[in-house]
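# Working through the structure, step by step
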Amino acid sequence: MTERISVFDMLKIGVGPSSSHTLGPWRAAMRWLKELKEQGEFNQINRVKIELFGSLSLTGKGHATDIAILLGLLGEDPVTTDTSLIEEKINQIKTAKKLSLLGENLIGFNEKTDLIFAKKRLPFHANGLRFTAFNEDNFIENIYYSIGGGFVVAEGEDVTKTQKILKYPCDMPADLLVHCEKHDLSIAEMVMENEKAWRTSTEIKEGIMRIWHTMEECVYKGCNTGGVLPGGLNVRRRAAVMNKKLLGESTYNNSAEWIAKIKKHRFQFETVLKWVSCFALAVNEENAALGRVVTAPTNGSAGVIPAVLMYYFCFRNKKATNRHIIRFLLVAGEIGTFFKKRATISAAMGGCQAEIGVSSAMAAAGLTEVMGGSPAQCLMAAEIAMEHHLGLTCDPVAGLVQVPCIERNSMGAIKAITACNIALDSDPKEAKVTLDNVIDTMWQTAKDMKTKYKETSKGGLAVNITVNVVEC
Ligand code: SF4
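Reference entry: report on the structure contained in this document.

Rules and cut-offs
Residues numbered from 1 in each chain as written. Predicted model: local features only at pLDDT ≥ 70, side-chain atom pairs only at ≥ 80, totals over all residues. Heavy atoms only, no water. Helix = DSSP H or I, 4+ residues; strand = E, 2+ residues; numbered from the N terminus. Rg over C-alpha atoms; globule rule 2.2 N^0.38 Å. Contact = heavy atoms within 4.5 Å. Areas by Shrake-Rupley, 256 points an atom, 1.4 Å probe, with all protein chains shown as cover. Lys, Arg positive; Asp, Glu negative; His and termini not counted. Charge placed at Lys NZ, Arg CZ, Asp CG, Glu CD. Salt bridge = Lys/Arg side-chain N within 4 Å of Asp/Glu carboxyl O. Near = heavy atom within 4 Å. Nonpolar A, V, L, I, M, F, W, Y, C, P; charged D, E, K, R; others polar. Pairing = 2+ DSSP bridges. Axes fitted to C-alpha atoms, helices over the stretch in contact; angles between N-to-C directions. Expected span 1.5 Å × (residues − 1). Buried < 20%, exposed > 50% of the residue type's maximum accessible area, 1.4 Å probe, protein only. Polar contact = N/O pair within 3.5 Å; in protein donor to acceptor, adjacent residues only side chain to side chain. Patch = residues over 30% accessible without salt bridge, like charges linked within 9 Å, V, L, I, M, F, W, Y side chains within 5 Å. Phe/Tyr/Trp six-rings, centres within 6.5 Å; stacked < 30°, edge-to-face > 60°. Lys NZ or Arg CZ within 6 Å of the ring centre and 35° of its normal.

Broken down by element type, the protein chain carries 20 helices and nine strands. Against the compact-globule benchmark of 23 Å for 472 residues, the protein chain has a radius of gyration of 22 Å, which places it among compact chains. Along the first, second and third principal axes, the C-alpha set of the protein chain runs to 70 × 55 × 45 Å. In the protein chain, the share of contacts with a sequence separation of at least 24, taken over all contacts with a separation of at least 6, comes to 77%. When the accessible area of the protein chain is evaluated, it comes to approximately 19600 Å², of which 50% is carbon and sulfur surface. Averaging the positions of the 55 positive and the 52 negative side-chain charges in the protein chain gives two centres separated by 4 Å.

Given below as structure tokens:
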């Protein structure tokens, strides 16, 4: 039996720029201190040391892993923390050389000696973290792994031991089709039933709408914020420029007014295409600026699903309701779980096919569902979207989630829309490749891919373009 994963694990509200390098380490730090508290060891801590291994140590600086860990140690929640205060909180720790663990236990902290980018790799996964807590006369050591999409496992932990019993368990996409056909259900209806193992149907609907509103707000903010992204690469934000060109000199006070303005126009194909790119760029510019995003399934690929959903909402079905949004996201989330269970959603394990490829497959299936496609067509759309991302490497320039990451989200969104269109006009029975096949192929390709193309910034664009990074 494979792991049971909720769609809420695939779509998580968090902070940029990376799910495996920011959100995961953040959660690992919080989890570690919570566990020490449960064990009665927390109050005695007088020093902590954190070591980062593998990809975390190679690209952790550019991915804000150090910042995320400090915020986690402070007890800041990535879902609710005020992102505008992050810089101030980090500067305080650096200046005072003191840190208040979970806001309760003030200890001395020297980043140079207590937060170490160790170059080695731990055996289980490319993203390892070792936390050490010292007290008067002893120390406790714990190892965690950030395995992609914000998921964290402790060394030796077996997550399948404590899992939920689902009404329609699916180990692979083919199982999903069997349940849908046998019980005459759409994928969204089937997933809704399964989600009830974790929460009530009201909680599911409210939770999904919260995710959508976070996505919507993120697109809006990104489309209305100019300037240069942090990190020293001097990447200029483009979504706001595009938004202005597309809407003209328009006034609006919030996302609802802005969306209403977009919907009012009758845009030509080429302009709609530009909007899709603009939505995706907006989210990933926000992500790169440490803004609030929805990990879907990762932060680097957070723009694909919102861009495709905005496309549906603004251009394909202007009368779309909450029901459509919920169906879209339930299906997208469910598709993501298969990649997590059977392959990987971690770029450090599988390159960018595991991020943008998976998000594109998720978005393609979600769009096909709300466009009236059958369950088989939804899976076909997901398959097509991933098929044309196979082999995509991860080579972030200067270790920042900016180049090629931001534009790559636009490409993933466009491919998702095309995959949906092809699937809606096809008979899935005639398809030569199934979603099961493509997931297996993606995992084989991941295993064959050289390490330098797996979020190390030691290959591809990361080494072939000359950059002048100005530390800031
Ligand atoms: S290249 Fe792709 S996988 Fe790598 S950091 Fe960028 S978006 Fe993520």
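Tallied over the entire structure, the rule returns 19 salt bridges. The partner of Asp114 in a salt bridge is Arg47, and the shortest N-O contact between them spans 2.9 Å. With Asp114 in helix H6 (residues 111-114) and Arg47 in strand E2 (residues 47-54), the pair connects residues that are 67 residues apart, well separated along the chain. A cluster of three or more residues bridged by salt bridges with shared partners is formed by Lys221, Arg237, Glu285 and Glu286.

Before going further, it helps to spend a moment on the site of the ligand. In the vicinity of the ligand, the contacting residues are Gly300, Ala347, Cys352, Glu355, Cys394, Asp395, Cys405 and Arg408. Tallied by class, residues from the shell around the ligand come to four nonpolar, one polar and three charged.

The next thing to look at is the sheet that holds strand E8 (residues 151-154). The sheet built from five strands is open, its strands ordered E5-E2-E6-E7-E8 with mixed pairing. Every other strand in the sheet has two partners, leaving strand E5 (115-117) and E8 as the edge strands with one partner each. Averaged over all pairs of adjacent strands, the angle between their axes in this sheet comes to 25°, without regard to strand direction. Bridge count for E2 against E5 is three bridges, and the pairing is parallel.

With that out of the way, let us pick up helix H16 (residues 356-370). Because an α-helix completes one turn every 3.6 residues, residues spaced three or four positions apart along the sequence face the same direction. Look at H16: 21 Å from first C-alpha to last across 15 residues, which is about the 21 Å you get at 1.5 Å a residue. Of all 15 residues making up H16, 15 are buried, and the element is well covered by its neighbours. Looking at the residues trailing H16, positive phi occurs at Gly372, about 90°.

It is worth spelling out the side chain of Ser457 at this point. With respect to the helices, strands and loops of the structure, Ser457 is situated in the loop between helix H19 (435-448) and helix H20 (461-464). Engagement of the side chain of Ser457 in a polar contact is seen with the backbone oxygen of Pro396, the distance being 2.6 Å. A polar atom in the side chain of Ser457 sits 3.3 Å from the backbone nitrogen of Gly399. The residues contacting Ser457, other than those within four sequence positions of it, are Thr59, Pro396, Ala398, Gly399, Ala462 and Val463.

A few words on the environment of Arg121. Its place among the elements puts Arg121 in the loop between E5 and strand E6 (127-134). The class for Arg121 is partly exposed, based on a relative accessible area of 46%. Among the polar contacts made by the side chain of Arg121, one reaches the main-chain carbonyl oxygen of Pro123 at a distance of 3.4 Å.

We now examine helix H2 (residues 19-38). Measuring from the side-chain oxygen of the N-cap residue of H2 to the backbone nitrogen of Ser20 gives 3.4 Å; that N-cap residue is Ser18. Backbone geometry just downstream of H2 places Gly40 in the positive-phi region, at approximately 75°.

Turning to its location among the elements, Met386 is positioned in helix H17 (residues 375-387). Expressed as a C-alpha distance, the spacing of Met386 and Leu166, which sit 220 residues apart in the sequence, is 27 Å. Every residue in contact with Met386, bar those within four places of it in the chain, is listed here: Phe339, Gln353, Gly357, Val358, Ala361, Val438 and Met442.

This paragraph deals with the pairing of strand E7 (residues 139-148). Two faces make up the sheet, and in a regular strand the side chains alternate between them. Across seven bridges, the pairing between E6 and E7 is antiparallel. Paired with Gly128 across the bridge in E7 is Tyr145. The antiparallel pairing of E6 with E7 creates a hairpin that spans four residues between the two strands. Between E7 and E8, which pair antiparallel in sequence order, lie two residues; one of them, Gly149, sits at a positive phi of approximately 65°.

Among the surface-exposed residues, Leu461, Ile465 and Val467 lie close enough to one another that they form a single nonpolar patch of about 200 Å² accessible area. Residue position: Leu461 is located in helix H20. For Leu461, a relative accessible area of 33% gives the class partly exposed.

Each pair of aromatic rings is reported with the distance of its centres and the angle of its planes. This structure, assessed with the given rule, holds 14 aromatic pairs. Look at Trp258 and Trp275: their rings are 6.3 Å apart centre to centre, the planes differ by 70°, and that puts the pair in the edge-to-face class. Pair noted here: Trp258 is in helix H11 (residues 255-264) and Trp275 is in helix H12 (residues 269-288), with a separation of 17 residues, a long-range link. Under the relative-accessibility criterion, Trp258 is labelled buried at 0%. The interplanar angle of 80° and the centroid separation of 5.9 Å between the aromatic rings of Phe267 and Phe315 together place this pair among those described as edge-to-face. Within this pair, whereas Phe267 is found in the loop between H11 and H12, its partner Phe315 is found in helix H13 (residues 304-316), the two being separated by 48 residues in sequence. Phe315 matches Phe267 in its accessibility class, with the two residues each being buried. Taken together, the ring pairs connect Tyr220, Tyr252, Trp258, Phe267, Trp275, Phe279, Tyr311 and Phe315 into an aromatic cluster. Note that Lys12 overlies the ring of Phe151, its terminal NZ or CZ placed 4.0 Å from the centroid. Taking NZ or CZ as reference, Lys340 lies 4.5 Å from the ring centre of Phe151, over its face.

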